[in-house]
Amino acid sequence: QVQLVESGGGLVQAGGSLRLSCAASGRTFSIFDMAWFRQAPGEEREFVASVSRSGGRIYYADSVKGRFSISRENAKNSVYLQMNSLKPEDTAVYFCAAVTSGAYASRAEYDYDYWGQGTQVTVSS
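Residues numbered from 1 in each chain as written. Predicted model: local features only at pLDDT ≥ 70, side-chain atom pairs only at ≥ 80, totals over all residues. Heavy atoms only, no water.

With respect to the overall build of the protein chain
The following threshold applies: Working definition: helices are DSSP H or I runs of at least four residues, strands are E runs of at least two. Numbering for both runs from the N terminus. As defined in this context, the radius of gyration uses C-alpha atoms, and a globule is described by 2.2 Å times the residue total to the power 0.38. The rule is simple: take the accessible area with a 1.4 Å probe, protein chains only, and divide by the maximum for that residue type; under 20% is buried, over 50% is exposed, in between is partly exposed. By definition in these notes, contact holds between two residues if any of their heavy atoms fall within 4.5 Å. When charges are counted, neither His nor the chain ends are considered; positive counts come from Lys and Arg and negative counts from Asp and Glu. To locate a charge, take NZ of a lysine, CZ of an arginine, CG of an aspartate or CD of a glutamate.
In terms of regular secondary structure, the protein chain is built from zero helices and eleven strands. Secondary structure elements of the protein chain occur, N-terminal to C-terminal, as β-β-β-β-β-β-β-β-β-β-β. The C-alpha radius of gyration of the protein chain comes to 13 Å, within 12% of the 14 Å expected for a compact globule of 125 residues. Expressed as a percentage of its 125 residues, the buried residues of the protein chain come to 43%. Pairs at least 24 residues apart make up 61% of the contacts formed inside the protein chain by residues separated by at least 6 positions. For the protein chain, the distance from the average site of its 12 positive side-chain charges to the average site of its 12 negative ones is 7 Å.

Structure (structure tokens):
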């Protein structure tokens with residue numbers, strides 16, 4: 001059993017920054033690939049960023065490249081998403097996800113087994 005808890009969401013003006021955190025418990029964190037997904041109202045969840053278990057493989061969605069940065073601290077059982085230059089279209093619920101199956105930082109939602117409850121990010125214009 002793996003539990004993921006996101007934090008750090010909130011309301012920010014366009015051009016501002018937020019740092020999201022995801023804390024994991026229940027198993028050895030270092031064996032997980034981790035990812036961030038987001039879901040805007042009326043839309044399906046979409047991939048944002050991912051990082052492999054050792055941190056050596058990282059992917060970003062085209063829409064966030066150059067603005068968002070994913071990182072992990074295995075000693076703290078945590079993964080982070082630094083979000084800079086935020087735009088109104090970034091408004092969504094952001095979810096942390098984990099998988100142990102060796103997905104090599106997959107960008108596909110269906111590859112992930114464990115999910116947090118999500119944290120709301122709202123960017124005002």
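Considerations on the sheet that holds strand 1 (residues 3-7)
Put simply, the test is: Pairing between strands is defined by DSSP: at least two bridges between the two strands are required. Axes here mean lines fitted to C-alpha atoms, for a helix over just the part in contact, with angles spanning 0 to 180 degrees between N-to-C directions.
Overall, antiparallel pairing links the four strands, which are arranged 1-3-8-7 in an open sheet. The sheet terminates laterally at strand 1 and strand 7 (68-73), the two strands that pair on one side only. Each adjacent strand pair in this sheet contributes to an overall mean axis angle of 15°, direction not counted. Bridge count for strand 7 against strand 8 (residues 78-83) is six bridges, and the pairing is antiparallel. Bridging across to strand 8, Ser69 finds its partner in Gln82.

None of this, on its own, says anything about what the molecule does.
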